[in-house]
Each structure stands twice: as C-alpha cells, then as structure tokens.
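Overview (structure and organization)
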Amino acid sequence: MTPLWTSTDAVAATGGETTADWQANGVSIDTRTLQQGDLFVALKDIRDGHDFVAQALEKGAAAALVSRRPEGVAEDAPLLVVPDVLKALEALGIAARARTKAHVAAITGSVGKTSTKEMLRAVLSRQGKCHAAEASYNNHWGVPLTLARMPADTDYAIIEIGMSNGGEIAPLSHMARPHVAMVTTVAAAHLASFDNLAGIAIEKAAIMDGLEPGGIAVLNADIETSHILQDHARETAAIPVLFGVAGTDWTIKDVRLNGDVTIINANGGGNDYLFKLSVPGRHFASNAVGVLAVAAALGADPVAASLDIALWVPPAGRGTREVIVIDAANDAETLDLIDDAFNANPTSLTASLEVIAAAQPTHNVGRIVKGRRIAILGDMLELGQDEVQMHTAMADNAHLKSLDLIHCAGPLMHHLWLTLPEEQRGQWAEQAADLVPQISRLVDAGDVVLVKGSKGSKVSLIVDAIRKLGHPRPQEKQG
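The present account deals with the structure reproduced in this document. Fair warning: this is a prediction, and the values are worked out from it, not measured in the lab.

Description of the overall build of the protein chain
For the protein chain, the count of helices and strands is 16 helices and 23 strands. The globule rule puts the C-alpha radius of gyration for 479 residues at 23 Å, and the 24 Å found for the protein chain is close to it. The dimensions of the protein chain, computed from C-alpha atoms along their principal axes, are 70 × 55 × 45 Å. Each of the 479 residues in the protein chain was classed as buried or not, and the buried ones make up 55%. Pairs at least 24 residues apart make up 63% of the contacts formed inside the protein chain by residues separated by at least 6 positions.

Digging into the pattern of salt bridges
The full count for this structure, using the stated rule, is 22 salt bridges. The residue aspartate 260 makes a salt bridge to arginine 321 at a minimum N-O spacing of 3.5 Å. With aspartate 260 in the loop between strand 14 (250–258) and strand 15 (261–268) and arginine 321 in strand 17 (residues 320–327), this pair connects stretches of sequence that are 61 residues apart. Note that lysine 370 and aspartate 404 form a salt bridge whose closest N and O atoms lie 3.0 Å from each other. Residue lysine 370 is found in the loop between helix 11 (346–358) and strand 19 (373–378), and its partner aspartate 404 is found in the loop between helix 13 (398–401) and strand 20 (405–409); the two are separated by 34 residues along the sequence. Given the relative accessible area of 43%, lysine 370 is considered partly exposed.

So, the nonpolar core
If you look at soluble globular proteins, the nonpolar side chains tend to sit buried side by side. If you look at the biggest cluster of nonpolar residues, it comprises 39 residues, and the most contacted ones within it are Leu120, Leu124 and Val218. Examining the composition of this core, we find that nine residues originate from one element, helix 9 (residues 282–297), more than from any other. Discounting residues that sit within four places of it in the chain, leucine 124 has contacts with Cys130, Tyr156, Ile158, Ala295, Leu298 and Ala300. Ala201, Leu211, Leu219 and Leu242 belong to the second largest nonpolar core, which has 35 residues in total.

Here we look at the side chain of aspartate 444
Take aspartate 444: it is sitting in the loop between helix 15 (439–442) and strand 22 (448–452). A polar contact of 2.7 Å, which involves the side chain of aspartate 444, links it to the backbone nitrogen of arginine 367. Discounting chain neighbours no more than four positions away, the residues touching aspartate 444 are Leu335, Gly366, Arg367, Ile368 and Arg372.

A few points about unusual backbone geometry
Of note, arginine 177 is a non-glycine position whose phi angle comes to about 45 degrees, a positive value. Structurally, arginine 177 can be placed in the loop between helix 6 (169–176) and strand 11 (180–183). Non-glycine residue lysine 458 carries a positive phi angle of around 60 degrees. Relative to the assigned elements, lysine 458 resides in the loop between strand 22 and helix 16 (460–467).

A few points about the sheet that holds strand 4 (residues 26–28)
Strand order in the open sheet formed by five strands is 2-7-6-5-4, with mixed pairing between adjacent strands. Taken across any chain shown, the strands that pair with only one partner, and hence form the sheet edges, are strand 2 (17–18) and strand 4. As paired elements, strand 6 (residues 63–66) and strand 7 (residues 79–81) share three bridges and run parallel to each other. Considered in strand 7, the bridge of alanine 64 is made with leucine 79.

A word on the packing of aromatic side chains
All chains considered together, the criterion is met by four aromatic pairs. Ring geometry for tryptophan 417 versus tryptophan 428: centroids 6.5 Å apart, planes at 40 degrees, classification tilted. Placement of tryptophan 417 in helix 14 (residues 413–419) and of tryptophan 428 in strand 21 (residues 425–429) is noted, with a sequence separation of 11 residues between them. Judged by relative accessible area, tryptophan 417 falls into the buried class, the value being 17%. Classification of tryptophan 428 as partly exposed rests on a relative accessible area of 24%. Between arginine 99 and the ring centre of tryptophan 5, over which it is positioned, the NZ or CZ distance is 4.0 Å.

Remarks on helix 16
Looking at helix 16, one finds that the buried residues are Ile462, Val463, Ala465 and Ile466. Down the axis, helix 16 shows its buried residues gathered within 165 degrees of arc, on one side only. Looking at the buried residues of helix 16, the elements they touch are strand 17, strand 18 (330–340), strand 19, helix 15 and strand 22.

Comments concerning the pairing of strand 11
Neither face of strand 11 is left uncovered, since the one carrying Val180 and Met182 and the one carrying Ala181 and Val183 both have all their residues buried. Here strand 8 (residues 103–108) pairs with strand 11 via four bridges, running parallel. When the sheet's bridge partners are listed, alanine 105 is paired in strand 11 with valine 180. Of the strand pairs in this sheet, strand 11 and strand 12 (residues 216–220) are connected by four bridges, and their pairing is parallel. Counterpart to methionine 182 in the pairing with strand 12 is valine 218.

Thoughts on the sheet that holds strand 8
Across the sheet, which stays open at both edges, the nine strands sit in the order 9-10-8-11-12-13-14-15-16 with mixed pairing between neighbours. Two strands in the sheet have a free side with no partner beyond their single neighbour: strand 9 (130–132) and strand 16 (271–277). With strand direction ignored, the average angle separating the axes of adjacent strands in the sheet is 20 degrees. Here helix 9 sits on the sheet in contact with strand 8, strand 11, strand 12, strand 13 (239–244), strand 14, strand 15 and strand 16, set at roughly 140 degrees to strand 14.

Here's the deal with the packing of helix 4 (residues 113–124) against helix 9
Where helix 4 meets helix 9, the axes come as close as 9 Å, and the angle between the chain directions of the two elements is 45 degrees. In terms of orientation, helix 4 lies oblique with respect to helix 9. Judged by the sense of rotation from one axis to the other, the crossing of helix 4 with helix 9 is right-handed. On helix 9, the residues touching Ser115, Thr116, Met119, Leu120, Val123 and Leu124 of helix 4 are Phe284, Asn287, Ala288, Val291, Val294 and Ala295. Tallied by class, residues from the contact of helix 4 with helix 9 come to nine nonpolar, three polar and no charged.

Structural notes on helix 9
Between its terminal C-alpha atoms helix 9 stretches 23 Å, which fits the 22 Å expected from 16 residues at 1.5 Å a residue. Those residues of helix 9 not exposed but buried are Phe284, Ala285, Ser286, Asn287, Ala288, Val289, Gly290, Val291, Leu292, Ala293, Val294 and Ala295. Looking at the residues trailing helix 9, positive phi occurs at glycine 299, about 95 degrees.

What counts, and at which threshold
Residues numbered from 1 in each chain as written. Predicted model: local features only at pLDDT ≥ 70, side-chain atom pairs only at ≥ 80, totals over all residues. Heavy atoms only, no water. Helix = DSSP H or I, 4+ residues; strand = E, 2+ residues; numbered from the N terminus. Rg over C-alpha atoms; globule rule 2.2 N^0.38 Å. Buried < 20%, exposed > 50% of the residue type's maximum accessible area, 1.4 Å probe, protein only. Contact = heavy atoms within 4.5 Å. Salt bridge = Lys/Arg side-chain N within 4 Å of Asp/Glu carboxyl O. Core = buried A, V, L, I, M, F, W, Y, C linked by side-chain atoms within 4.5 Å. Polar contact = N/O pair within 3.5 Å; in protein donor to acceptor, adjacent residues only side chain to side chain. Pairing = 2+ DSSP bridges. Phe/Tyr/Trp six-rings, centres within 6.5 Å; stacked < 30°, edge-to-face > 60°. Lys NZ or Arg CZ within 6 Å of the ring centre and 35° of its normal. Arc of directions from axis to C-beta. Axes fitted to C-alpha atoms, helices over the stretch in contact; angles between N-to-C directions. Parallel < 35°, antiparallel > 145°, perpendicular 65-115°, else oblique. Left-handed = near helix turned anticlockwise from the far one by under 90°. Nonpolar A, V, L, I, M, F, W, Y, C, P; charged D, E, K, R; others polar. Expected span 1.5 Å × (residues − 1).

That's the geometry; what it means functionally is another story.
Set out below in structure tokens:
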C-alpha cells in the first residue's frame with residue numbers, strides 16, 4: 001500500500017523539520033477518530049491540539065504536525081515541526097492537489113452543499129476512485145484537510161466550500177483549483193455578515209476564482225441573483241452551464257413528489273432524462289440535476305449518474321426520513337420522522353414544508369385517531385436585521401398552512417407561533433430542550449413529524465427524544 005504521506009514528502013511540502021522518518025496513511029485532527037498510522041495535525045481551535053499529541057502518538061499516530069514539542073512527548077517522538085500548523089496543513093493540501101491528476105469539482109451554496117456533495121460522491125464513486133470529506137469540512141481548515149487526505153491516484157475529487165463572512169471562498173477555491181465549480185443556490189443564510197442577497201451572491205461567485213483554465217461553472221438559473229453568478233463567470237472566463245427550470249443547458253421539465261421518492265424529468269446535453277431520488281424534495285431535485293451537469297462537465301457519464309443517484313440518501317439532520325416504531329409489540333404503530341435539524345433559513349424551511357405537506361399520515365393507529373402532519377420548528381439563525389420579519393412571514397407559507405399542528409422553540413420562532421391560527425398553534429418553549437419532556441404528548445403514532453431548525457437552536461435534542469419513543473425500523477423494512 002502506497003503511503004499517503006512520507007516524512008520526506010511532508011517536509012518538502014511544508015518546509016518543516018522532522019525528528020524521524022515516518023509514513024502516514026491518513027491525516028487526523030481529532031484523537032477521538034484518529035486511526036493507527038495517521039498524521040496527527042495539532043490545530044488550535046477551541047482547544048490547542050498540542051495538548052493531545054501525546055495521546056495521539058499513544059493511539060498509534062505515525063507522527064504529529066506541531067509548532068513546538070508538547071509536554072509529555074518523548075525526545076525521539078516522530079514530529080514534523082513547523083512555524084504555523086494551519087499554514088503547514090494548507091501546504092499539505094496544496095501539495096496533494098498538485099500531485100494528483102484527479103478531476104476536481106468544488107461546490108458552494110447557501111443551501112444544499114453537503115447533500116449535493118454526497119449525491120455527487122454517490123454517482124462518481126461508481127465511475128472511478130472518488131475522494132470527498134466525510135463531513136461538512138468546508139471552512140479554512142476543512143478544505144485543506146480534505147485536500148491533504150486525497151490520495152494521489154484519485155480519479156474524482158469533490159471539495160465543499162462554505163463561508164460565514166466575505167472574502168473566505170476565493171482563497172479556498174485557489175487552494176482546490178477545481179475544474180468545475182457549482183453554486184447550488186443563493187439564499188438568506190449568514191445575512192448577518194452581508195448587506196443583502198446580492199452580497200452573498202458575490203461571495204458565492206468567488207468559487208470560480210480558482211478554476212483551472214477552461215474551467216466550467218455550473219450555476220443555478222432559477223434564483224434572482226443568477227445574473228450576478230453569470231456575470232462573474234464571464235469576468236473569470238469560466239464556461240457557464242445553467243441548470244434549473246430556467247436552465248438553458250440542463251433544464252428541469254417536471255418534478256413530482258410521489259410518496260417517499262422524487263421523480264425528475266430533465267433535459268441536458270440534448271438528451272432527455274427520467275430518473276428518481278429515494279427521498280422526497282423539490283430542492284433535492286434541483287441539486288440532482290445540477291449533479292448530472294457537474295458529472296458531465298467532469299467527463300463522467302451523466303446517464304449512468306442518473307441511474308446511480310437513486311443510491312443517495314440525505315446525511316443525518318439534512319432531511320433524513322425514518323420510520324419510528326412506537327410499540328415494539330405492534331409493528332404498525334409508527335410515526336414518520338423527517339430529521340432536518342442541521343440547518344435552517346427561509347429557503348430551506350420552505351423546501352422542507354413542501355415535503356411534509358406532500359406526506360401522508362396514517363389514520364387509526366395512534367391515541368389520536370387521525371394521523372397528523374406536525375412541524376417542530378427551531379430558530380433560523382444568522383439572518384441579520386430582518387430576522388423577526390422572516391420568521392413571522394413563514395405563517396403565510398402555503399405548505400405550512402396545510403399542516404395540522406406546529407410546535408415552536410426559541411425566541412425568534414415565538415414570532416411565528418404568535419401569528420399562527422389557534423387550531424394550528426401547538427406548544428412553544430424558550431429552548432428546544434424544554435420541549436423534550438413533553439415529546440410523548442406532542443406527537444403520536446400515525447403522525448408525520450418534521451423537525452427543522454438551525455444547528456444552534458438545538459432541535460436535534462427533539463429528534464433524539466422522538467427516536468427514544470421507540471426504535472427506528474430497520475432500513476430494509478422502511479421501503
């Protein structure tokens with residue numbers, strides 16, 4: 001097995017000094033997930049990674065990337081010593097990118113980055129050796145970490161790039177040097193750091209700045225700021241490929257939510273495509289067509305991709321749907337849980353509400369005879385000065401109006417809760433944790449339950465509480 005990094009290669013990349021010869025098969029920043037043979041990178045974040053070097057070496061790390069010799073570490077310990085650990089990690093990422101002949105795609109967007117990355121991984125891994133981060137590693141350390149972990153013989157690489165403030169995307173794009181850059185959408189997320197949607201669009205467009213010569217920009221044609229993205233493509237000499245209902249290159253002709261699947265009719269490259277996703281969601285459909293466009297732009301087979309994309313299911317907390325068996329003695333006494341507790345803004349909430357509005361509850365199985373569509377909503381965070389109005393305005397959403405009951409958690413969602421008609425208004429609590437003890441009274445067998453909120457709202461606690469009401473039905477039986 002060819003090592004991912006040798007001490008010689010790492011020294012050449014970083015300019016550091018090594019205390020021993022070593023070979024590493026992986027790169028880790030966390031002793032909890034470190035595998036034997038990993039290079040441990042002692043980053044400074046909430047904690048100083050140097051405090052964990054001794055533990056990492058005890059667990060079998062091949063070496064540690066450090067800026068100083070930590071206490072408790074033997075004199076002969078294998079260390080790669082550099083002036084700045086983060087800059088050295090960036091150097092490893094840049095070197096890993098330079099040594100591979102992989103076709104590289106970079107993905108950004110206000111909503112759907114991680115789901116789209118995973119869709120693309122699902123289809124490209126069937127057509128070659130595919131590399132992508134296992135989590136949302138899309139920031140100033142996540143992107144170089146993903147690159148540093150990339151084997152030299154990778155065929156396809158997918159790099160997710162995010163941002164919280166202006167000026168963050170372009171440097172990461174230059175590091176990744178993608179052949180194809182995709183913008184899933186531009187929506188009201190991180191508005192606290194920007195004046196308006198146009199400002200967010202300008203920042204998202206910066207993913208094109210690092211494109212290789214002749215690079216392709218796969219852009220959402222259906223958003224109001226699409227012209228900003230297309231203008232930037234022209235400025236950077238990127239080749240634009242437009243997808244969406246208004247897409248001129250990959251056109252969505254029809255999307256149908258049919259039970260637990262989404263059926264998509266699209267046209268791209270002069271060919272018609274009829275394919276399905278194994279999860280309901282119009283927003284997933286748009287990104288799926290974008291994925292076919294990216295696959296084609298990378299030189300992969302979009303027809304095979306359209307067949308394989310049904311293998312993808314959302315990551316936990318991003319629209320995952322599961323059946324919870326409430327009564328172990330009665331397999332029919334279940335509720336459907338839609339776990340969308342990782343992120344929220346008005347655009348993604350609207351998409352999730354459409355999914356639950358199309359879902360079918362089951363009658364005559366619970367304490368309450370009629371099965372219900374129930375939403376449990378936590379605060380949408382980082383929306384800026386109009387955050388109260390954005391929460392209140394969700395009361396006018398047509399899909400929300402079709403729900404039977406809405407429970408809310410958090411001071412911002414209180415504004416929505418107060419606006420709801422009395423027959424829809426469930427419980428409200430200051431914090432999501434306050435709803436947890438009540439969960440057995442808030443939902444029932446037969447219900448379809450959506451839990452949605454920004455990660456900081458901690459509505460994932462409610463997801464966990466619902467799961468503890470029973471047990472998830474095994475995946476093969478959820479058909």
